[in-house]
Protein chains: 2
Amino acid sequence: MNYDDVVSLKHATLGLLTYGPASGYDLLQKFRDSLANVWPATQSQLYGELGKLADAGLVTVAAEGPRGRKEYAITPEGSAELRHWLGEVPPAPNRRSEMLLRVFFLGMLTPEQAQDYLNDRATVAAELQGELRELAKTVDPDSGPLAVYGRLALEWALRFSAMQQEWATWAAEEVRRAQDGAAAD
Amino acid sequence: MNYDDVVSLKHATLGLLTYGPASGYDLLQKFRDSLANVWPATQSQLYGELGKLADAGLVTVAAEGPRGRKEYAITPEGSAELRHWLGEVPPAPNRRSEMLLRVFFLGMLTPEQAQDYLNDRATVAAELQGELRELAKTVDPDSGPLAVYGRLALEWALRFSAMQQEWATWAAEEVRRAQDGAAAD
DNA sequence: CTGTGCATGTAATCCGTTACATGATTTA
DNA sequence: TAAATCATGTAACGGATTACATGCACAG
């Protein structure tokens, strides 16, 4: 009861189960393969969550297999809950950025170190973009509903990494300018 | 002992204390005023953290005031720890995005609902950008070290919200196109 | 003298991570 | 028959949020 609305592991699990019944073990791989960069989950967490979802009637054990395998399926209640969450619960914005927290305190380092930090961000972002571009090549352009929306997510990541790279490069430049300005005084 | 390196409330607190001694109460306001969108902290958490930082010798109670007020100051060890974290510990990227998690399951809704979701993202991003632009006007361009690096963070947020808005608008368009394509079959 | 703000703390609960623990089944 | 994989679970710990609880000091 009062199984909270805001927590998303629940919805990630329900979402994956809409693609068909699966065991905890199966789901764990789907989390690793497709949701790793969006909503990671550990084994420990997932088995606990499946128990709670079953207790709440949002999933059921549809079949049992060898080695104690329990195959879970989403129930109509689970499906309704997922749609409710998707359509009616406003998404919570990300509230924490370790990267930006560090930016706030970069004044504690020398300007050179601050520039190093920002240039490193640019490099990391550029590398990420390279990997994403490789990934984009391997995605089948028309294979099921996951491909349509998976591509939207991939495009977001491409744009994000581009933005991050441009910003970090600009910011390092900005620090250099401030440094020059201070030296001229 | 083994007071973990990865946790950033510690560093956020040390960082704020580099601007001068402050009580838990003072710090709480600084968290609300300047770090709310980067690293929020609750009262409960902060008082606990200050105790741990004091035990670890990274801060000290520099003065006591009325109403049991304890004014904390960062120690040389705390300052060294902050610089170590800033310069040598690689930042952890954000691993979770509820917004993108939802995108992965937008196929469970009707295409119209999916477009609504994406258009709402665009609207929210546009509103955020408006607020940030207002904020940018009020920031004194040359007032101390926080202004230099605070401006970098603000610029990041401006670029991020612009990117988000453009992406969401594009993505809604993309869903419409897929819908038209399916209708044509 | 009353309300507002200053000021600190504790308890309960939940989410997430790491590590521990166990065992069955298939495949080479 | 040994190794890899399938498969599930528990325990310990720490971080984050919400709520509870208390009380002093100052301004009007």
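Computed from a predicted model, the values in this text were never measured in an experiment. (Residues numbered from 1 in each chain as written. Chains lettered and ligands numbered in written order. Predicted model: local features only at pLDDT ≥ 70, side-chain atom pairs only at ≥ 80, totals over all residues. Heavy atoms only, no water.)

**A word on the protein's contact with DNA strand C**
Definition in use: One heavy atom suffices: a residue is near a molecule or strand as soon as one of its heavy atoms comes within 4 Å of it. Polar contacts, as counted here, are pairs of nitrogen or oxygen atoms within 3.5 Å of one another; within protein the pair requires one atom able to donate a hydrogen and one able to accept it, and residues that are adjacent in sequence qualify only if both atoms are side-chain atoms. Secondary structure is summarised from DSSP: a helix means a run of H or I of at least four residues, a strand means a run of E of at least two, and numbering begins at the N terminus for each. Only Asp, Glu, Lys and Arg are considered charged in this grouping, and only Ala, Val, Leu, Ile, Met, Phe, Trp, Tyr, Cys and Pro are considered nonpolar; every other residue, Gly among them, is considered polar.
Surveying the vicinity of DNA strand C reveals 20 residues, the closest of which are A:Q45, B:Y25, B:Q43, B:Y47 and B:K70. For DNA strand C, the backbone portion of the atoms within 4 Å of the protein, that is sugar and phosphate, comes to 64%. The side chain of B:K70 places a nitrogen or oxygen atom 2.6 Å from a phosphate oxygen of DNA strand C. For the surface near DNA strand C, the secondary structure elements donating two or more residues are helix 3 (43-55) of chain A together with helix 2 (24-34) and helix 3 (43-55) of chain B. By residue class, the composition of the surface near DNA strand C is five nonpolar, eight polar and seven charged.

**Details of the protein's contact with DNA strand D**
Taken together, 20 residues lie near DNA strand D, and A:Y25, A:Q43, A:Y47, A:K70 and B:Q45 sit nearest. Backbone sugar and phosphate groups make up 68% of those atoms of DNA strand D lying within 4 Å of the protein. Taking A:Y25, its side chain carries an N or O atom lying 2.7 Å from a phosphate oxygen of DNA strand D. At 2.3 Å, a side-chain N or O of B:Q45 approaches a phosphate oxygen of DNA strand D.

**A look at the pairing of strand 1 (residues 59-64) of chain B**
Residue and element names in this part refer to chain B. Test applied: Only strands joined by at least two bridges in the DSSP assignment are considered to pair.
Here strand 1 runs beside strand 2 (residues 70-74); their pairing, made up of five bridges, is antiparallel. Bridging across to strand 2, V59 finds its partner in I74. Linking strand 1 back to strand 2 in an antiparallel pair, the connection comprises five residues, with R67 at a positive phi of about 60 degrees.

**Details of the relation of the copies chain A and chain B**
Worth spelling out the cut-off: The copies are overlaid by a least-squares fit using only the C-alpha atoms of residues whose pLDDT is at least 70 in both copies. Residues count as neighbours in contact if any of their non-hydrogen atoms are within 4.5 Å of one another.
The transformation that overlays chain A on chain B combines an axial shift of 0.0 Å with a rotation of 180 degrees, and the residual RMSD is 0.1 Å. Such values leave the two copies arranged in the relation of a two-fold axis. A shared interface surface links the copies, since 100% of the contact residues of chain A are contact residues in chain B too.

**Quick look at the interface of chain A and chain B**
Stated formally: In this description, buried area is defined as the sum, over both parts, of the accessible area (probe of 1.4 Å) that is lost when the two are combined. Each reported salt bridge corresponds to a side-chain nitrogen of Lys or Arg within 4 Å of a carboxyl oxygen of Asp or Glu.
Contacts between chain A and chain B engage 60 residues on the former and 61 residues on the latter. For the pair chain A and chain B, the two sides together bury roughly 6400 Å², of which 69% comes from carbon and sulfur. Contact with chain B buries surface across chain A, with A:F104, A:Y149 and A:W156 losing the most and accounting together for 13% of the total. At the junction of chain A with chain B, the criterion picks out two salt bridges. In this structure, B:R151 and A:E174 form a salt bridge, with 3.0 Å as the shortest nitrogen-oxygen distance.

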